[in-house]
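Coordinate inspection notes
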Amino acid sequence: MTYHIQQFKQGEIIFHGGDSSDCAYIIEAGQVEIYSANKGTIFDILHEGELFGEMGVLDQSPRSTSARAVTPVTLLEVKTQQITNRLSESDPIVKALVGVLLKRLRSMLPSQGLGTEKNSLLDQVASVIEQAGLSKFKLESELRSAINAGDIQTVFQPINDIPNNELAGFEALSRWTHPHRGFISPVEFIALAEETDLISEVGDLVFTRAIDLLSRLPEHVFININVSSKQLDDEQFLNRVLKKIKANNISPSRLKLEITETMVVDFNLAKKWLKKCQKIGFPVCADDFGTGHSGMEQLVELNFDVLKVDQVFIRNMFKNERYQTILNSIATMAKDLETKLVAEGIENDQEYQTLKKLGFDYGQGYFFGKPMSVEDVLKLTN
């Protein structure tokens, strides 16, 4: 599903009162008039950047007013589920407030004019869906189109074997260059994708590309891929991945699945998922280890194959000796648990040599290489 831009000529009707409320709109350019066809009353003139048509979407009621283009207008559709999904997952107090405001607004619609109270209520509704929310709706729609068009890039950052300082594998990472905003941080668009079904689509795209690349790399090279909570909840996810690697004649051991602590909400469910992965042959890596409150509990409850120590420890180990003490303890513990260790964020030889002495197995960071394209990966490995 791509996002839709609609254009209307001056004077053209966008929707009539009584029509079904199948979407809302954000005005990209031009002006829109909200009015009552029966009473001939103009309620409001809306401008670029404003949202309208959301009332019916929120409570699934028919359109209570009509909308007409005052000038030639360009509109971005906001799909019903983009609004209702977030409302259903929001704080119950927010949902209650929105419901009360809608009820009061609709009770006033038969009156001759909106009046100052009506305008005040509209301001309150607008405060619920703030401008930041409108930008988010728009970015979500654009992200969906970028995924469908294949515009989300996948890059691969080297992971080196620390004892020998030789290339061992890569981590697959997603990148997005927006046509107007330029480079968008993965933190921003991945977080947005995780609020919706888009994260599964991004994930499938990354897995497809990573598996294709693995089929062209030496047998000893692996690729790490981050897995979202929605993928963990999808019972067919592992089957889809397994089907892809079998089709490419790749060993499951070459595909390492990374999960973060925040995704481990239910240890029993996580145990089942981890055992299923390991039964198939997928190694599972605990990403950002050491930054969460339940890191030690994870080690007791979950039998991870790899622990990926967060870069905050590497970045600070020469600024505060307590970080080195913790890294030493983690290294000793991992050895006793027969768990492999990866250090993130290695940027210089001093950090590398220290981690080598501590007994870390793998390292990742600019010291070994920046994220690179498939073409550069193939040059590096051939």
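Heads up: these notes are all about the structure in this document. (Residues numbered from 1 in each chain as written. Predicted model: local features only at pLDDT ≥ 70, side-chain atom pairs only at ≥ 80, totals over all residues. Heavy atoms only, no water.)

Moving on: helix α10 (residues 267-280). The end-to-end C-alpha distance of α10 is 20 Å, a good match for the 20 Å that 14 residues give at a rise of 1.5 Å each. For α10, the complete set of buried residues consists of Phe267, Ala270, Trp273, Leu274 and Cys277. Down the axis, α10 shows its buried residues gathered within 125 degrees of arc, on one side only. Counted as exposed and oriented over 90 degrees from the buried face of α10: Asn268, Leu269, Lys272, Lys275 and Lys279. Just downstream of α10, glycine 281 is the residue with a positive phi angle, here 120 degrees. (Helix = DSSP H or I, 4+ residues; strand = E, 2+ residues; numbered from the N terminus. Expected span 1.5 Å × (residues − 1). Buried < 20%, exposed > 50% of the residue type's maximum accessible area, 1.4 Å probe, protein only. Arc of directions from axis to C-beta.)

What follows covers the environment of lysine 246. You can see lysine 246 is positioned in helix α9 (residues 237-247). When its relative accessible area of 61% is taken as the criterion, lysine 246 is described as exposed. Linking lysine 246 and isoleucine 211, residues 35 residues apart in sequence, is a C-alpha distance of 9.9 Å.

Attention now moves to the pattern of salt bridges. Following the criterion strictly, the structure yields 13 salt bridges and no others. Its salt-bridge partner being aspartate 22, residue arginine 63 comes within 3.6 Å of it at the nearest N-O pair. Taken together, the residues arginine 63 in the loop between α1 (54-59) and β7 (66-69) and aspartate 22 in the loop between β2 (13-15) and β3 (23-29) connect sequence positions 41 residues apart. A salt bridge links aspartate 212 to arginine 216; the shortest N-O distance between them is 3.8 Å. (Salt bridge = Lys/Arg side-chain N within 4 Å of Asp/Glu carboxyl O.)

Attention shifts here to the environment of phenylalanine 360. Relative to the helices and strands, phenylalanine 360 is located in the loop between α14 (349-358) and β17 (362-364). With 51 residues separating them along the chain, phenylalanine 360 and valine 309 place their C-alpha atoms 9.9 Å apart. In this structure, phenylalanine 360 is in contact with Ile162, Pro163, Val309, Leu327, Ala331, Leu341, Val342, Ala343 and Leu355, ignoring residues within four places of it in sequence. (Contact = heavy atoms within 4.5 Å.)

For the rest of this paragraph, the subject is the sheet that holds strand β6 (residues 51-52). Here four strands make up an open sheet; going across it, the order is β1-β8-β3-β6 and the pairing antiparallel. On the outer flanks of this sheet lie β1 (5-8) and β6, each paired with one strand and no other. (Pairing = 2+ DSSP bridges.)

Quick look at the side chain of arginine 254 now. Turning to its location among the elements, arginine 254 is positioned in the loop between α9 and β13 (255-260). Buried and unpaired, arginine 254 has no salt bridge, with glutamate 219 as the nearest side chain of opposite charge at 4.0 Å. At 3.5 Å, the side chain of arginine 254 and the backbone oxygen of leucine 217 are in polar contact. Beyond its immediate stretch of four places on either side in the chain, arginine 254 contacts Leu214, Leu217, Pro218, Glu219, Val221, Phe222 and Ile223. (Lys, Arg positive; Asp, Glu negative; His and termini not counted. Polar contact = N/O pair within 3.5 Å; in protein donor to acceptor, adjacent residues only side chain to side chain.)

The subject of this paragraph is the environment of glutamate 48. Within the secondary structure, glutamate 48 is located in the loop between β5 (41-46) and β6. According to the relative accessible area criterion, glutamate 48 is exposed, its value standing at 59%. It is 9.1 Å that separates the C-alpha atoms of glutamate 48 and leucine 75, two residues lying 27 residues apart in sequence. Each residue touching glutamate 48, except ones within four places of it in the same chain, is listed here: Ile27, Glu28, Ala29 and Gly30.

Okay, the sheet that holds β7 next. In a beta sheet, neighbouring strands are held together by backbone hydrogen bonds and run either parallel or antiparallel to one another. Strand order in the open sheet formed by four strands is β2-β7-β4-β5, with antiparallel pairing between adjacent strands. Of all the strands in the sheet, just β2 and β5 have a single pairing partner and so form its edges. Geometrically, the sheet is characterised by an average inter-axis angle of 30 degrees between neighbouring strands, direction not taken into account. (Axes fitted to C-alpha atoms, helices over the stretch in contact; angles between N-to-C directions.)

This part covers the pairing of strand β8 (residues 73-79). Extensive coverage of β8 is indicated by the burial of six of its seven residues. Alignment of β1 against β8, held across four bridges, turns out to be antiparallel. Across the sheet, residue glutamine 6 finds its bridge partner in β8, namely leucine 75. Here β3 runs beside β8; their pairing, made up of six bridges, is antiparallel. Its bridge partner lying in β8, isoleucine 26 is registered against leucine 76.

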